[in-house]
Amino acid sequence: IIPTATMKVLLLSLISFSLCHGLVPFIDGGKGMPKMYDSYFNDQLAKQAATAISKAVSAGKMNIQVEFPPVPNVDEVKFGTPLNQRFGKKIAPDLKMKYVPGSNLSRNLIAYSNVYWAKRFASALKGGGLGGKPVGVLTAEQVDFADVKGMGDLSRSGKINTDKARKEGRNNEAIICINPGGEETWTRLVSAHGQPNCPFVVMNNSYSTSYDLGNKKGFEEAYYLKRISKGFVFRAFPGPWEAYLEKPDGSVELLESYKTKPKLREVAELVRETSFKRYAIGNDRWMSGRM
């Protein structure tokens, strides 16, 4: 017979062990694509992306692409969906801004959301908790940085391809470049704003000139989450590329994993055909009210 006191110690140890091991996956955001749309509010997306960026830099990848929807409902951002409004209210205190009708944050939610994400990823580029590299953020979007009172680990801000941004560059500085434009310009941007042997991240380009997944300029797709018809494509460095089906209830299912980057056409066809075979026309996120 085990004494009562010993039983209590064993029980507490078991609870502690279970809690710790249950939380470990969430320290780095866990594996697999982030949960839509909880990941925007519980820090899963931020942790996953920061972890992937940090791993890429540690592996010697200096030119990096990070791509994901900066707000829950990108296509509907002008209409102010409840999820987008909730997200705007979440990031406002972090940026020390106000999210109210007519404010810069509410009118340019994607642009300021990208600054929020850059702020969350800056620590992954610094190279250390104390000191480390300065991290600058440059954008082509409609952002008035004077409005942003909370910049966190971002040491400076500016607009892409301006003389001011070039002159303010610092030695040993990492750069996050928001919505830089077609990938044919990225190498020139690195020359204009980057520093030797320092990370240069292109983040959340609003369009692709390759019309495919990722890029064709050799930038490592460290964190990549793209919505496609009836699902998603996901990759977090150094992991594989993954194709996910989005089900009618909003949950997702991994359909295929790829060791090398697949073609967009290949993945889109797989996900779309699987959705139709299972659900016909009954798999529609607009009709199900998931926004």
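In case you missed it, the structure is sitting above this.
What comes next concerns the included structure. (Residues numbered from 1 in each chain as written. Predicted model: local features only at pLDDT ≥ 70, side-chain atom pairs only at ≥ 80, totals over all residues. Heavy atoms only, no water.)

Regarding the packing of aromatic side chains
Heads up, the condition is: To pair, rings of Phe, Tyr and Trp, with the six-membered ring standing in for Trp, must have centres within 6.5 Å; the planes then decide the type, stacked if under 30 degrees apart, edge-to-face if over 60, and tilted in the middle. Elements are defined by DSSP. Helices are runs of H or I of four residues or more, strands are runs of E of two residues or more, and each kind is numbered from the N terminus. Think of it in three bands: with a 1.4 Å probe and only protein chains considered, a residue is buried below 20% of the maximum accessible area for its type, exposed above 50%, and partly exposed in between. Over a ring means this: the NZ of a Lys or the CZ of an Arg is within 6 Å of the ring centre and within 35 degrees of the ring normal.
Enumeration over the complete set of coordinates arrives at 13 aromatic pairs. Summarising the aromatic geometry, the rings of Phe41 and Phe87 are spaced 6.1 Å apart at their centres and angled 80° between planes, so their arrangement reads as edge-to-face. With Phe41 in the loop between α1 (4–27) and α2 (44–58) and Phe87 in helix α3 (residues 82–95), this residue pair connects regions lying 46 residues apart in the sequence. The two residues Phe41 and Phe87 agree in class, both being buried. One aromatic cluster is present, built from ring pairs that chain together Tyr40, Phe41, Phe68, Phe87, Tyr116, Trp117, Phe121, Tyr223 and Phe234. Positioned above the aromatic ring of Phe41 is the side chain of Arg86, whose terminal nitrogen or guanidinium carbon lies 3.7 Å from the ring centre.

A word on the pattern of salt bridges
The line we're drawing: When a carboxyl oxygen of Asp or Glu is within 4 Å of a side-chain nitrogen of Lys or Arg, the pair counts as a salt bridge.
For the structure on display, the rule yields 15 salt bridges. Salt-bridge contacts for Arg156 lead to Glu173; the nearest nitrogen and oxygen are separated by 2.7 Å. Of this pair, Arg156 sits in strand β3 (residues 154–159) while Glu173 sits in the loop between α6 (163–167) and β4 (174–178), and the two are 17 residues apart along the sequence. Take Arg156 and Glu173: they sit in the same class, and that class is buried. Note that Arg235 is salt-bridged to Glu220, the shortest N-O span being 2.6 Å. With a gap of 15 residues between them, Arg235 in strand β7 (residues 231–236) and Glu220 in strand β6 (residues 220–228) connect regions that are remote in the sequence. You can call Arg235 buried: its relative accessible area is 8%. Assessed through its relative accessible area of 17%, Glu220 is described here as buried.

With respect to the packing of α2 against helix α5 (residues 109–126)
The condition that has to hold: Fitted lines through C-alpha atoms serve as axes, helices being fitted only where they are in contact, and the angles separating the N-to-C directions of these axes extend from 0 to 180 degrees. Throughout, a crossing is termed right-handed when the near helix is turned clockwise from the far one, and left-handed when it is turned anticlockwise from it by less than a right angle. For this analysis, residues touch if any pair of their heavy atoms sits within 4.5 Å. Charged residues are taken to be Asp, Glu, Lys and Arg, nonpolar residues to be Ala, Val, Leu, Ile, Met, Phe, Trp, Tyr, Cys and Pro, and polar residues to be all remaining types, Gly included.
Here α2 crosses α5 at 35°, and the two axes come no closer than 8 Å. Helix-helix and strand crossings are classified by hand; for α2 and α5 the assignment is right-handed. Every residue of α5 that contacts α2 at Leu45, Ala46, Ala49, Ala50, Ile53, Ser54 and Val57 is listed here: Trp117, Arg120, Phe121, Ala124 and Leu125. For the contact of α2 with α5, the class distribution of residues is ten nonpolar, one polar and one charged.

So, the nonpolar core
Formally: For this analysis, a nonpolar core means a set of buried residues of the types Ala, Val, Leu, Ile, Met, Phe, Trp, Tyr and Cys, connected via side-chain atoms within 4.5 Å.
Ranked by size, the top nonpolar core spans 55 residues in total, and within it Val66, Trp117, Phe121, Ile176 and Met203 carry the most contacts. The dominant element in this core, judged by the number of residues it contributes, is α5, at eleven residues. Residues within four places of Trp117 in sequence aside, it is in contact with Tyr40, Leu45, Ala46, Phe68, Pro70, Phe87 and Met203.

A few points about the environment of Gly250
Tracing the sequence through the fold places Gly250 in the loop between β8 (241–246) and β9 (252–258). In this structure the C-alpha to C-alpha distance between Gly250 and Lys35, which are 215 residues apart in sequence, comes to 9.3 Å.

Digging into the packing of α3 against α5
Put simply, the rule reads: For this classification, under 35 degrees means roughly parallel, over 145 means roughly antiparallel, 65 to 115 means roughly perpendicular, and everything else is oblique.
Packing of α3 against α5 brings their axes to within 10 Å, and their N-to-C directions diverge by 50°. The angle between α3 and α5 places the two elements in the oblique class. You can see that α3 and α5 cross each other, and the crossing is left-handed. Touching Asn84, Phe87, Gly88, Lys90, Ile91, Asp94 and Leu95 of α3 are Leu109, Tyr112, Ser113, Val115, Tyr116, Trp117 and Lys119, all from α5. Within the contact of α3 with α5, the residues separate by chemical class into eight nonpolar, three polar and three charged.

Examining the pairing of strand β1 (residues 63–67)
On a regular strand, one side chain projects to one face of the sheet and the next to the other, so that they alternate. For clarity, the threshold we go by: For two strands to count as paired, DSSP must find a minimum of two bridges between them.
The element β1 is extensively covered by neighbouring structure, given that four of its five residues are classed as buried. The pairing of β1 with strand β5 (residues 200–203) spans four bridges and is parallel. When the bridges of β5 are listed, Asn63 appears paired with Phe200.

With respect to a negative patch on the surface
What counts here: The patch calculation keeps residues exceeding 30% relative accessible area without a salt bridge and links them within 9 Å when they carry like charges or within 5 Å when they are nonpolar (Val, Leu, Ile, Met, Phe, Trp, Tyr). Reported accessibility uses the Shrake-Rupley method at a 1.4 Å probe radius. Residues are deemed covered only where the shown protein chains occlude them. Charged residues are defined narrowly, with Lys and Arg counted positive, Asp and Glu counted negative, and His plus the chain ends left uncounted. A charge is said to be at NZ when it belongs to Lys, at CZ for Arg, at CG for Asp and at CD for Glu.
Side chains of Glu256, Glu266, Glu269 and Glu273 sit close together on the surface and give a patch of like negative charge. For the negative patch, the element with the most residues is helix α8 (residues 264–279), which contributes three residues. The residue Glu266 is located in helix α8 in this model.

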